[in-house]
Amino acid sequence: MKRRDKEQTRQRILEAAVELFSEKGYNDTQVDDIARESETSKGAFYFHFPSKKAIFEAMLQTLVHRIVRDVDEAIDVRQGAVGKIEGALQTVLKTFSRHEKATRLLFVEATGLGRTFDRQVLAAHRAFAGLIAKHLQQAVDDGSIQPIDVHLTAYAWLGAIHEVLMMTLLEPESQPLDSLVDPLVQLLVRSLSQNQTVKDRQLPEEPPQRS
């Protein structure tokens, strides 16, 4: 089998697994189901993935890497540290919105599956928080915002993002995520206004000196 054919087969198996894990859950999805859905075979599945657990982990890693790559590309065209923060947040949220089934796997299905998956989810959260913290630190370093605990802020923002994602994934009547991206980004960035731009803050005028 040519390398390109192998890569295409692997991708088909991954896509089938995403569909099935999202619809049936991890525990109720069997390797036979994935092989049938991907129109391959169990032999092809085990050629690319040693176990069902391995393909689940591969999907989580793929989602994280995709987001990190897309964020790095998106912020290249943004001007200013705060603009780059907005770009990073928008890219993360829009990626989650475009890949809803993979997002469901990361934030819903992977929860409570055991220590191995807990470590995968923790690593994903750490990667996302690290992206946000990096750009917050750049904003602090160039004087765009007052000094803050960038790691605490990043995890607080990630917590807010997580809650919004859970709402859109678990509540059928909630607004779709893509309609909430811009309002959520504005809300998070506006929270920096308490530590408003050093350059923009006006110092109080000194009272006139008495003669």
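Residues numbered from 1 in each chain as written. Predicted model: local features only at pLDDT ≥ 70, side-chain atom pairs only at ≥ 80, totals over all residues. Heavy atoms only, no water.

Caption draft 1: Geometry of the overall build of the chain. Of the regular secondary structure elements, the chain holds 9 helices and 0 strands. Of the regular secondary structure in the chain, the N- to C-terminal order runs α-α-α-α-α-α-α-α-α. For the chain, with 211 residues in total, the buried portion stands at 43%. Just so you have it, the chain exposes about 12,500 Å², and 49% of that area is on carbon and sulfur atoms. (Helix = DSSP H or I, 4+ residues; strand = E, 2+ residues; numbered from the N terminus. Buried < 20%, exposed > 50% of the residue type's maximum accessible area, 1.4 Å probe, protein only. Areas by Shrake-Rupley, 256 points an atom, 1.4 Å probe, with all protein chains shown as cover.)

Caption draft 2: Structural context of the UniProt feature "DNA-binding region" (unreviewed entry) in the chain. The sites that UniProt annotates as "DNA-binding region" (unreviewed entry) are residues 30-49. A distance of 13 Å separates the end C-alpha atoms of residues 30-49, which is 70% helix and 0% strand. (UniProt positions renumbered as here; feature names shortened; annotations may be inferred.)

Caption draft 3: Seen up close, the pattern of salt bridges. Taken as a whole and assessed by the stated rule, the structure comprises 3 salt bridges. Its salt-bridge partner being D32, residue K42 comes within 3.6 Å of it at the nearest N-O pair. Of the two residues, K42 is situated in helix α3 (residues 42-48) and D32 in helix α2 (residues 31-37); the sequence distance between them amounts to 10 residues. Here K42 falls in the partly exposed class, since its relative accessible area comes to 40%. (Salt bridge = Lys/Arg side-chain N within 4 Å of Asp/Glu carboxyl O.)

Caption draft 4: Molecular detail of unusual backbone geometry. Despite not being glycine, E39 shows a phi value in the positive range, around 55°. Here E39 lies in the loop between α2 and α3.

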